[in-house]
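Next come the chains, spelled out residue by residue.
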Amino acid sequence: MLAIKRVPTVVSVNQDCGSVSRDCLQSCFLTGFDLPLFKYTKKMKTTELQLLGDEEVPSSPPTIERSFLGTLLLSKWEERASQGLFRYDVTACESRVLSGNYGFIAQLNEGRHLKKRLTEFRVDQVLQEFDPKKFNFSKVNRNEVLFQFGEGEEAGYYDITPILSSPDIVLINVSPIEYGHVLLVPRLFDFVPQRLCANDLLLALYFTAEVDCPYFRVGYNSLGAFATINHLHFQAYYLAYPFPVECASITRINKGSLKSSLRISELVDYPVKGVVYESMDLNEIAISVASTCQELELRNIPFNLLICDCGTRVFLFPQCFARKQALHQVSQKVLDTQVNPAAWEIGGHIVLKRKEDYEHATEEFVTALLAEVSLSDPDFQDVKNIICK
Amino acid sequence: MALQNGSLLSSDRKCVRSPRMKNHKLIVSQSLIRSYRASIQDELQKHAYNFVLCDPGLPDHPIVYASDGFLEMTGYSRDEVLGRNCRFLQGRDTDKRAIVEIREAIREERDCQIKILNYTKAGKPFWNLFHLAPVFSQQDGRVVHFVGVQLPISSKVAARKDGHLTGLELSFDELEFEEHFDNPSCKNYHLSEEDKQRAFAAVKAVLQELANSSCKGVSSMRSKSFSEGVIPPGFVATSLLLALTRIPHSFVLTDPHLPDMPIVHASLEFLELTGYTREEVIGRNCRFLQGPDTDLAPIEELRSSISEGQTCTIRILNYRKNKEPFWNSLHISPVRNSSGKVAYYAGIQVAVSHSSEEDEGRARMQQLGTLGAIKVAVRSIQTGPVLRKSKTIS
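Predicted, not measured: the structure shown is a model, and the values here were computed from it. (Residues numbered from 1 in each chain as written. Chains lettered and ligands numbered in written order. Predicted model: local features only at pLDDT ≥ 70, side-chain atom pairs only at ≥ 80, totals over all residues. Heavy atoms only, no water.)

Caption draft 1: Representation of the overall build of chain A in the model. Scanning chain A from terminus to terminus reveals 11 helices and 17 strands. Radius of gyration (C-alpha) of chain A: 21 Å, near the 21 Å computed for a compact globule of 389 residues. Per-residue burial for chain A yields a buried fraction of 64% across its 389 residues. Within chain A, contacts between residues at least 6 apart in sequence are counted, and of these 74% link residues at least 24 apart. When the accessible surface of chain A is summed, it comes to about 14600 Å², and 50% of that surface belongs to carbon and sulfur atoms. Distance between charge centroids for chain A: 6 Å, based on 39 positive and 48 negative side chains. (Helix = DSSP H or I, 4+ residues; strand = E, 2+ residues; numbered from the N terminus. Rg over C-alpha atoms; globule rule 2.2 N^0.38 Å. Buried < 20%, exposed > 50% of the residue type's maximum accessible area, 1.4 Å probe, protein only. Contact = heavy atoms within 4.5 Å. Areas by Shrake-Rupley, 256 points an atom, 1.4 Å probe, with all protein chains shown as cover. Lys, Arg positive; Asp, Glu negative; His and termini not counted. Charge placed at Lys NZ, Arg CZ, Asp CG, Glu CD.)

Here is the structure:
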């Protein structure tokens with residue numbers, strides 16, 4: 001067994017509690033609990049009819065405006081911030097772009113990793129069984145729950161509704177990387193471990209599309225690729241700046257066809273090897289990405305996903321950093337910065353916990369760090385073969 | 001974006017104007033009048049180039065001027081393009097990388113020359129040598145407009161009905177365009193120096209015209225002192241503007257570091273709510289919204305909150321330009337930029353009447369949601385000097 005010791009990020013105030021607190025989500029769920037509900041629909045929204053052309057008149061007035069989900073998310077987040085629920089004010093964290101070719105973004109965040117206790121994480125098993133004794137999202141404090149996200153015939157927002165029977169929940173991350181940092185937990189009470197299937201990924205894509213903002217990205221980290229909690233979840237936050245990976249050159253690796261608009265390309269000239277899936281059809285992306293990811297899970301290859309462009313672009317990064325770390329193949333200098341290269345870091349957004357690391361951060365340092373993430377050429381070729389078969 | 005059975009419909013052949021631009025004719029003409037003399041449209045008309053002017057300070061960075069050549073090249077009418085973002089020129093096979101390049105140049109407020117696949121209204125693809133250049137205000141250093149010059153590289157599109165090619169249209173051998181190809185950067189094309197020079201010349205001519213016709217002074221380059229780090233008060237970078245103009249609510253940003261805390265940015269919705277134009281509000285303290293029956297108590301509360309760097313929500317009687325009073329639920333909050341320090345104070349307005357509890361709840365959500373969006377925008381790293389080496393596709 002291969003394992004590494006690292007300081008896990010605290011995403012909930014209840015994360016270290018042994019016992020189940022009375023006002024945690026699980027308890028509230030059992031006793032009955034009201035939550036705001038945002039309903040999205042897979043059908044064309046009446047709001048969109050208005051945008052198709054001035055000649056078209058919508059059949060009924062729109063129930064909610066475009067990107068209402070964004071407004072909802074931001075307003076709830078801001079409310080929690082004013083209630084002091086976050087461990088620190090993330091807007092007081094300094095950021096800058098590192099000069100060079102890629103435009104990596106470095107942030108000084110001293111508050112994120114205050115917890116000193118190291119935890120052991122197994123890195124050679126991407127699929128692990130759900131362990132109810134460990135922390136999971138039913139144990140979060142009820143105040144950390146923002147709203148539930150559900151599918152319906154009509155899009156709509158309901159301020160106070162009883163919690164659904166199998167809700168998809170949006171929570172705050174009490175140690176945010178950026179403003180609006182939330183966790184999306186599909187079918188929370190199904191207690192699914194961290195692994196991907198097309199439906200859950202499709203939910204994340206719809207979530208991204210509904211927020212309808214190019215600054216809002218959603219990420220996924222598999223076990224072994226720096227997921228902290230083995231309970232199915234995605235993370236998301238706003239950053240009004242391009243992620244370096246979004247600007248990277250790409251070259252197509254799948255064949256075009258008349259039936260499908262799905263483009264799969266390989267990153268060219270980027271420090272991490274990866275592929276990107278692009279399509280206007282969310283179903284198509286979800287099915288294709290999930291199928292590859294399931295294959296990677298079976299082969300024990302950890303990976304990260306970064307969903308951009310309102311759900312129409314998904315980056316997939318198979319990685320082996322944690323494995324190298326477990327085998328003592330990563331330099332101490334890199335380990336000392338305690339940067340865990342998960343989806344955000346690989347995308348080019350690096351959070352540094354020590355002032356000296358931030359002040360001396362350079363593109364060379366980030367490139368060196370990310371170079372340890374990539375699979376070897378033959379291993380990456382195997383992954384491409386999986387994708388293109 | 002529209003969702004239909006899991007597919008996102010792109011706004012391709014149908015020109016989509018932001019719903020916030022319903023008074024687009026007025027807004028668009030104001031954009032030009034603000035910076036140039038009234039004769040500007042006639043002056044620009046004299047040039048036979050294909051070009052547009054876009055205003056990054058308006059929602060979705062819309063076109064505010066389009067030359068006849070541009071309209072002919074693309075097949076749209078003037079009314080169809082004014083007030084709309086240029087993305088209607090993009091289509092299924094437009095290289096995303098090229099779009100990203102243009103976006104970066106806009107954010108970094110610099111020139112960009114790039115080959116990009118565009119589409120006419122009829123859906124016909126053509127290769128376009130696109131040259132983008134910012135127009136800077138000499139007063140406050142902001143980018144007032146972006147000039148976009150198009151040089152089509154396909155004789156099919158360029159040829160006019162009488163068979164003569166005008167302006168910058170070049171005659172190339174007819175290209176065979178494949179429906180599906182693997183790499184749309186189209187290695188078949190080789191841009192000559194001549195092409196690039198023609199594009200440069202066009203941009204230069206348009207910029208010269210704008211400079212000649214400007215009221216307060218514009219130029220293709222920032223003032224020397226700016227480049228040396230002397231930033232004029234009230235300067236707002238394009239990248240911040242692009243993020244702020246996405247926010248579809250009434251709000252202002254004021255600068256607490258400048259004397260009398262003037263407004264440095266006002267949203268379109270604020271201008272519509274209050275009836276003022278941008279020129280009438282930028283640089284002034286918000287107190288011009290107060291009037292004869294405005295209570296002094298909430299203003300005191302506001303003042304003390306600001307001096308303590310706190311947020312606060314007050315209900316205050318304000319007046320529109322036409323003297324019409326309205327109740328304003330005003331929420332203010334300090335907003336930090338990428339340095340982590342307070343850069344602005346945001347003021348978010350919701351016009352309220354005798355509102356029900358549900359309306360209050362909704363108004364509150366809009367306020368906080370708007371504040372969140374402002375925090376995201378202001379927190380973004382503002383690019384001044386170019387930090388990334390630009391990769392112009394040749």
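Caption draft 2: Layout of the packing of aromatic side chains. Counted by the stated rule, this structure contains 26 aromatic pairs over all chains. A centroid spacing of 6.0 Å and a plane angle of 10° characterise the contact between Phe-38 of chain A and Phe-149 of chain A, whose relative ring orientation is stacked. Of this pair, Phe-38 of chain A sits in strand E2 (residues 34-40) while Phe-149 of chain A is found in strand E6 (residues 145-151), placing the two residues 111 residues apart along the sequence. Among the residues examined, Phe-38 of chain A registers a relative accessible area of 0% and is labelled buried. Judged by relative accessible area, Phe-149 of chain A falls into the buried class, the value being 0%. Ring-pair connections join several aromatic residues into one group, and the members of that group are Phe-38, Tyr-40, Phe-68, Phe-149, Tyr-157, Tyr-206, Phe-207, Phe-216 and Tyr-238 of chain A. Over the ring of Tyr-358 of chain A we find Arg-96 of chain A, and its NZ or CZ is 5.1 Å from the ring centre. Between the NZ or CZ atom of Arg-246 of chain B and the centre of the ring of Tyr-215 of chain A, over which it lies, the distance is 5.6 Å. (Phe/Tyr/Trp six-rings, centres within 6.5 Å; stacked < 30°, edge-to-face > 60°. Lys NZ or Arg CZ within 6 Å of the ring centre and 35° of its normal.)

Caption draft 3: Quick peek at helix H1 (residues 24-35) of chain B. All names here are of chain B. For H1, which comprises 12 residues, the first-to-last C-alpha distance of 17 Å matches the rise-based estimate of 16 Å (1.5 Å per residue) to within 8%. For H1, every residue scored as buried is listed here: His-24, Ile-27, Val-28, Ser-31, Leu-32 and Ser-35. Looking straight down H1, one finds its buried side chains confined to an arc of 135°; they lie on one side. Relative to its buried face, H1 has exposed residues pointing more than 90 degrees away, namely Lys-25 and Ile-33. (Expected span 1.5 Å × (residues − 1). Arc of directions from axis to C-beta.)

Caption draft 4: Here's a closer look at the packing of helix H5 (residues 282-298) of chain A against helix H11 (residues 377-388) of chain A. Residue and element names in this part refer to chain A. At a minimum axis separation of 9 Å, H5 and H11 run at an interaxial angle of 135°. By the criterion of interaxial angle, the relationship of H5 to H11 is oblique. Seen along the crossing, H5 lies across H11 with a hand that is right-handed. Residue-level inspection shows Thr-292, Glu-295 and Leu-296 of H5 in contact with H11, the latter providing Val-383, Ile-386 and Ile-387. The class makeup of the residues in the contact of H5 with H11 is 4 nonpolar, 1 polar and 1 charged. (Axes fitted to C-alpha atoms, helices over the stretch in contact; angles between N-to-C directions. Parallel < 35°, antiparallel > 145°, perpendicular 65-115°, else oblique. Left-handed = near helix turned anticlockwise from the far one by under 90°. Nonpolar A, V, L, I, M, F, W, Y, C, P; charged D, E, K, R; others polar.)

Caption draft 5: Here's a closer look at the domain arrangement of chain B. Residues and elements named next belong to chain B. Split by domain assignment, chain B resolves into domain 1 (24-222) and domain 2 (228-380). Domain 1 puts 20 residues into the contact, and the matching count from domain 2 is 18 residues. Of all residues in domain 1, the largest losses of buried area upon contact with domain 2 belong to Arg-34, Arg-107 and Arg-142, amounting jointly to 36% of the total for that side. For the interface between domain 1 and domain 2, the tally reads 1 salt bridge. Between Arg-34 and Glu-279 there is a salt bridge, with its nearest N and O atoms 2.8 Å apart. For the interface between domain 1 and domain 2, the tally reads 3 residue pairs in polar contact (both at pLDDT 80 or more). (Domains from an automatic or database assignment. Buried area = accessible area lost by both parts, 1.4 Å probe. Salt bridge = Lys/Arg side-chain N within 4 Å of Asp/Glu carboxyl O. Polar contact = N/O pair within 3.5 Å; in protein donor to acceptor, adjacent residues only side chain to side chain.)

Caption draft 6: A look at empty space enclosed by the protein. Residues and elements named next belong to chain A. Overall, the coordinates contain 11 cavities of 30 Å³ or more when judged by the stated rule. As a volume, the largest cavity reaches approximately 260 Å³. For the largest cavity, the lining is made up of 22 residues, of which Thr-9, Arg-112, Phe-226, Ala-342 and Glu-345 are closest to its centre. Split by residue class, the lining of the largest cavity holds 10 nonpolar, 9 polar and 3 charged. (1 Å grid on protein atoms, 1.4 Å probe; cavity = no way out; pocket = protein on both sides within 12 Å on 5 of 7 lines; lining within 4 Å. Points joined across faces, edges and corners; volume = space filled by probe spheres on them.)

Caption draft 7: Representation of the pattern of salt bridges within the structure. Using the criterion set out here, one finds 35 salt bridges over all chains in the structure. Close ionic contact of Glu-269 of chain B with Arg-20 of chain B constitutes a salt bridge, the shortest N to O distance being 2.7 Å. One end of the pair, Glu-269 of chain B, is in helix H10 (residues 268-274); the other, Arg-20 of chain B, is in the loop between strand E2 (7-9) and H1, and 249 residues separate them in sequence. Each member of the pair Glu-269 of chain B and Arg-20 of chain B is classed as buried. Linking Glu-300 of chain B and Arg-303 of chain B is a salt bridge whose minimum nitrogen-to-oxygen distance equals 3.0 Å. You can see Glu-300 of chain B and its partner Arg-303 of chain B sitting in helix H12 (residues 297-307), 3 residues apart, about one turn around the helix. Overall, the relative accessible area of 43% leaves Glu-300 of chain B in the partly exposed class. Among the residues examined, Arg-303 of chain B registers a relative accessible area of 53% and is labelled exposed. One network of salt bridges, with partners in common, ties together Arg-187, Asp-190 and Asp-200 of chain A.

Caption draft 8: Quick look at the pairing of strand E3 (residues 50-54) of chain B. Residues and elements named next belong to chain B. Of all 5 residues making up E3, 5 are buried, and the element is well covered by its neighbours. The side-chain alternation of E3 yields two buried faces, one formed by Asn-50, Val-52 and Cys-54 and the other by Phe-51 and Leu-53. Alignment of E3 against strand E7 (residues 143-152), held across 5 bridges, turns out to be antiparallel. Bridge pairing links Leu-53 to Val-147 in E7. (Pairing = 2+ DSSP bridges.)

Caption draft 9: Layout of unusual backbone geometry. All names here are of chain A. For Phe-191, which is not a glycine, the phi torsion comes out positive at approximately 50°. Within the fold, Phe-191 resides in the loop between strand E9 (182-185) and helix H4 (198-211). In the Ramachandran plot, Asp-309 falls in the positive-phi region, its phi being about 50° despite a non-glycine side chain. Its location among the elements puts Asp-309 in the loop between strand E15 (303-308) and strand E16 (313-318). Judged by its relative accessible area of 15%, Asp-309 is buried.

Caption draft 10: Summary view of the UniProt feature "domain: PAS" (unreviewed entry) in chain B. All names here are of chain B. Those residues carrying the UniProt feature "domain: PAS" (unreviewed entry) are residues 63-109 and 263-309 in this numbering. Secondary structure across residues 63-109 comprises 49% helix and 9% strand; the distance between its end C-alpha atoms is 17 Å. End C-alpha to end C-alpha, residues 263-309 measures 17 Å, and it is 47% helix and 9% strand. (UniProt positions renumbered as here; feature names shortened; annotations may be inferred.)

Caption draft 11: Summary view of the environment of Thr-274 of chain B. Residue and element names in this part refer to chain B. Structurally, Thr-274 can be placed in helix H10. Sequence spacing of Thr-274 and Phe-326 is 52 residues, and the spatial spacing of their C-alpha atoms is 9.3 Å. When sequence neighbours within four positions are dropped, the list of residues in contact with Thr-274 reads Leu-289, Arg-320, Lys-321 and Phe-326.

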